[in-house]
Amino acid sequence: MKNLYTCAVCITLLGSHVAQANDESDSFELSLQELLQVEVTSVSKQPQSLSKAPAAIYVITSDDIRRSGATSIPQALRDVPGLHVAQLDSQKWAIGSRGFNGRYNNKLLVMMDGRTLYSPEFSGVYWEVQDTLMADIERIEVIRGPGAAMWGANAVNGVINIITKHSADTQGGYAEIGAGDYEQGFASVRFGGKLDEGATIRGYIKGFKRDSLTFNDQDMLGPQRIMMTGVSSDNDWENIQGGGRVDIPLGGAASLTVSADAYRSRLQQTFFIPIVSAPFYGEYYNDRFDANGWNLLAKFTEALSATSEYSIQAYYDHARRDESLFGFTTGTADIDFQYQFKADENHNIIWGLGYRHIRDDISAASVISSASGFDTSTDLWSAFMRDEITLSEDSLWLTLAARVEHNSYTGVEVQPNLRLLYKVDEVNTLWTSVAYSVRTPSRAENNLLINAVNIPPNVSVAPSMPAAPFLTKIIVIGNDDYASEELMTYEIGYRYTPSSVFSIDSSLFYNSYDALRSVTIGAPDISTLPSGFITQRNFFSNDDYGHSYGMEVSAQWLVANDFKMKLNYSFFEGSFSESLTQNTYAPKHIISLNADWSLNKHIDMNATLRHTSDVLGLSPFTFSDNTIGGHQGVDVGVNWRPASGVTVSLFGKNLLGGSYVEYEAEQFHIPYRVEPSYYGKLSVSF
């Protein structure tokens, strides 16, 4: 904390010497009309206005982030319709789109400035190490539904694209410091400047310490409570991160962007591991460990004419986790080329090529082993093409797109997509989409062996597995026969903007899943019986299936120039085969009501009422579905600007709803409770 106090003194001194600070607005950064015309890039890989995007897309602006007081990317995503965002412990989050949520959710593609945040071990995202200076985020684009034809495998149920600001938009200095109960202390400093020939640069450093979420043993079953006796449930963490970005105009219509980030986290977690000793054949273990990583990205763009442009992007991403449960080092090298042009008045075409190489080395694993070694490399080749065809000028557009990939596990995958957008008039817009996408296997499903659970003697967990008089050690084996999971998605969307102060954006979807992950029961191995147990070797397979459908609505009302309300709602229903080995469901109802009020040029307020209904999740202890109760809460925040460039903020999170378990990880982790919290912040622009 000593360092934080030092930063506080520096910021106070800076605040007293602000000379040319940025003027703060007394209304919203963007009007409703301007928001609908915000250019998004996630749907078609080139800029298009939000109102003309033929997809279920939602944009979180930098103003939304500032007003909400979100201190992390998951917090900023909480109220996106169709997303289920749940905190698992102090550092871990489960974020899913249209179902299939979980700590190891593998059907959501997440990117930051075009760099994928994919982890090859389980095809998902470690949210706790995906961070940047929140004030430097330009916007977050969220697509519910597949984006695989443009972005590739694993963009199955959604795409989240985090886009940071151009360095020219972050000139001068910015610093913030704050503290609360959960947010025990945080501080950030960023400075931007100009180089020669119009180039601009910025650099930042940030750090924080967050407290543990609370643990109530009444949220666990009796044997679990006994196993937790004497085991620490601490899950606090701290992180420090720095980075920067340079934007260089190269003359003519060419530009070069180079960015880099590096982080180091110290985390603590409690997890479950199966053992062969009675009486519970499992134990909890508390682990304090480090995670660190860095990335370097460069992107060159050149416009060849008013209607054609090409870009080359390359990056390297290094990640390391030293946890006892599952430690690894991963290096990802990626290069991507794309070219956009107008073939004639009616055809807007973009195509591209890509290559990715991933080297993955598992260094420690309590429940994982490998018959082929822990060091492996995979390659991914890709090509895509999209043609936006104008069928009727200013009213009807057809988009045809497809992506072909070759990966090391399943070979060639083809993912097509058809989208149609009809602008009925200036008020009404309809769109529809049909898409096929796949979720390619993770490394665990291809070549690792997982001992997730041991079954006590005389206990049966499935009709196909009669109770054995001995301890049964369950080993699930990844294999080359495991194929990609498949999804056909049908969507219809409607946008209604009757005036400059009111709009509704809605979508309906139907998802049909096939070849979902299952487990095939193998023959028991009794060779280990002299050690007191038998080994049941099972195999990952693709025999499960199911479907889901739902609706998402976002309505905005600019009540006055200084008062805006937003209502987001999502409905989800699904039906899946009974033997599923992953979470499939989302809460049936998620609703949030947000109000932003700029009282005057010095003060603005924010309040959000949020409700999430019950959801089914898998329990590794009961070997069945587990109902996680619904919850509700209120976030409130106040930003006060006593002087130009100086803002004092106070935020309360999850108020009025008590403490509750938001979600439970599929395996290994104990349920933690999210409690009401608060924090204050001082920020200075100079």
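Residues numbered from 1 in each chain as written. Predicted model: local features only at pLDDT ≥ 70, side-chain atom pairs only at ≥ 80, totals over all residues. Heavy atoms only, no water.

(A) Examining a nonpolar patch on the surface more closely. Taken together, Leu400, Leu418, Val434, Tyr490, Tyr510 and Tyr549 make up a surface patch of nonpolar side chains, about 500 Å² in accessible area. Mapped onto the secondary structure, tyrosine 549 falls in strand β29 (residues 533-560). (Patch = residues over 30% accessible without salt bridge, like charges linked within 9 Å, V, L, I, M, F, W, Y side chains within 5 Å. Areas by Shrake-Rupley, 256 points an atom, 1.4 Å probe, with all protein chains shown as cover. Salt bridge = Lys/Arg side-chain N within 4 Å of Asp/Glu carboxyl O. Helix = DSSP H or I, 4+ residues; strand = E, 2+ residues; numbered from the N terminus.)

(B) Representation of the pattern of salt bridges. Scanning the model with the defined rule gives 41 salt bridges in all. The shortest N-O distance in the salt bridge between arginine 66 and aspartate 604 comes to 3.3 Å. Of this pair, arginine 66 sits in helix α3 (residues 62-68) while aspartate 604 is found in strand β32 (residues 603-612), placing the two residues 538 residues apart along the sequence. The partly exposed category is assigned to arginine 66, whose relative accessible area is 31%. Two residues, glutamate 141 and arginine 139, come together in a salt bridge whose shortest N-O distance is 2.6 Å. When sorted by exposure, glutamate 141 lands in the same class as arginine 139, which is buried. (Buried < 20%, exposed > 50% of the residue type's maximum accessible area, 1.4 Å probe, protein only.)

(C) Focus on empty space enclosed by the protein. The full count for this structure, using the stated rule, is 15 cavities of 30 Å³ or more. Of the volumes computed, that of the largest cavity is approximately 350 Å³. Surrounding the largest cavity, 27 residues form its lining, Val129, Gln130, Tyr263, Asp317 and Ala319 being those nearest its centre. For the lining of the largest cavity, the leading source of residues is strand β16 (residues 308-321), giving five residues. Within the lining of the largest cavity, the residues separate by chemical class into eleven nonpolar, nine polar and seven charged. (1 Å grid on protein atoms, 1.4 Å probe; cavity = no way out; pocket = protein on both sides within 12 Å on 5 of 7 lines; lining within 4 Å. Points joined across faces, edges and corners; volume = space filled by probe spheres on them. Nonpolar A, V, L, I, M, F, W, Y, C, P; charged D, E, K, R; others polar.)

(D) Seen up close, the side chain of glutamate 491. On the secondary structure map, glutamate 491 appears in strand β26 (residues 485-499). The class of glutamate 491 is buried, set by a relative accessible area of 2%. Excluding anything up to four places from it in sequence, glutamate 491 contacts Ala56, Arg98, Arg144, Gly145, Pro146, Arg419, Trp431, Thr432, Ser433, Leu508 and Phe509. (Contact = heavy atoms within 4.5 Å.)

(E) Quick look at a negative patch on the surface. A cluster of acidic side chains, namely Asp344, Glu345, Glu393 and Asp394, defines a negative patch on the protein surface. Assignment of secondary structure puts glutamate 393 in the loop between β20 (375-392) and β21 (396-407). (Lys, Arg positive; Asp, Glu negative; His and termini not counted. Charge placed at Lys NZ, Arg CZ, Asp CG, Glu CD.)

(F) View of the UniProt feature "domain: TonB-dependent receptor plug" (unreviewed entry) in the chain. On the UniProt side, "domain: TonB-dependent receptor plug" (unreviewed entry) is annotated at positions that read residues 50-159 here. Segment residues 50-159 splits into 14% helix and 29% strand. End C-alpha atoms: 15 Å apart. (UniProt positions renumbered as here; feature names shortened; annotations may be inferred.)

(G) Here's a closer look at the pairing of strand β17 (residues 326-344). In this structure, β16 lies alongside β17, joined through 14 bridges in antiparallel fashion. Its bridge partner lying in β17, glutamine 313 is registered against aspartate 336. Where β16 folds back onto β17 in an antiparallel hairpin, the turn is made up of four residues. (Pairing = 2+ DSSP bridges.)

(H) Geometry of the sheet that holds strand β7 (residues 115-116). Read from one edge to the other, the open sheet built from five strands follows the order β3-β8-β9-β6-β7, with strand pairing classed as mixed. Each of the sheet's edge strands pairs with one partner strand only, and the pair in question is β3 (56-61) and β7. Taken together, the four bridges between strand β6 (residues 109-112) and strand β9 (residues 158-164) define a ladder with parallel strand orientation. Bridge pairing in β9 places leucine 109 opposite valine 159.

(I) Representation of the packing of aromatic side chains. With the rule as written, the count across this model stands at 23 aromatic pairs. Centroid distance phenylalanine 300 to tyrosine 310: 6.0 Å. Interplanar angle 55°. Geometry classified as tilted. Here phenylalanine 300, found in strand β15 (residues 282-305), pairs with tyrosine 310, found in strand β16; they are ten residues apart in sequence, far enough to count as distant. Residue phenylalanine 300 is classed as partly exposed on the basis of its relative accessible area of 23%. For tyrosine 310, a relative accessible area of 17% puts it in the buried group. Within the aromatic cluster, the residues linked to one another by ring pairs are Phe300, Tyr310, Phe337, Tyr339, Phe341 and Trp351. Sitting above the plane of the tryptophan 151 ring, lysine 45 keeps its charged end 4.6 Å from the centroid. Above the ring of tyrosine 104, the side-chain terminus of arginine 103 is found at 5.9 Å from the ring centroid. (Phe/Tyr/Trp six-rings, centres within 6.5 Å; stacked < 30°, edge-to-face > 60°. Lys NZ or Arg CZ within 6 Å of the ring centre and 35° of its normal.)

(J) Examining the environment of isoleucine 335 more closely. Summarising the element assignment, isoleucine 335 is placed in strand β17. A relative accessible area of 43% places isoleucine 335 in the partly exposed class. Sequence separation between isoleucine 335 and glycine 617 is 282 residues; the distance between their C-alpha atoms is 38 Å.

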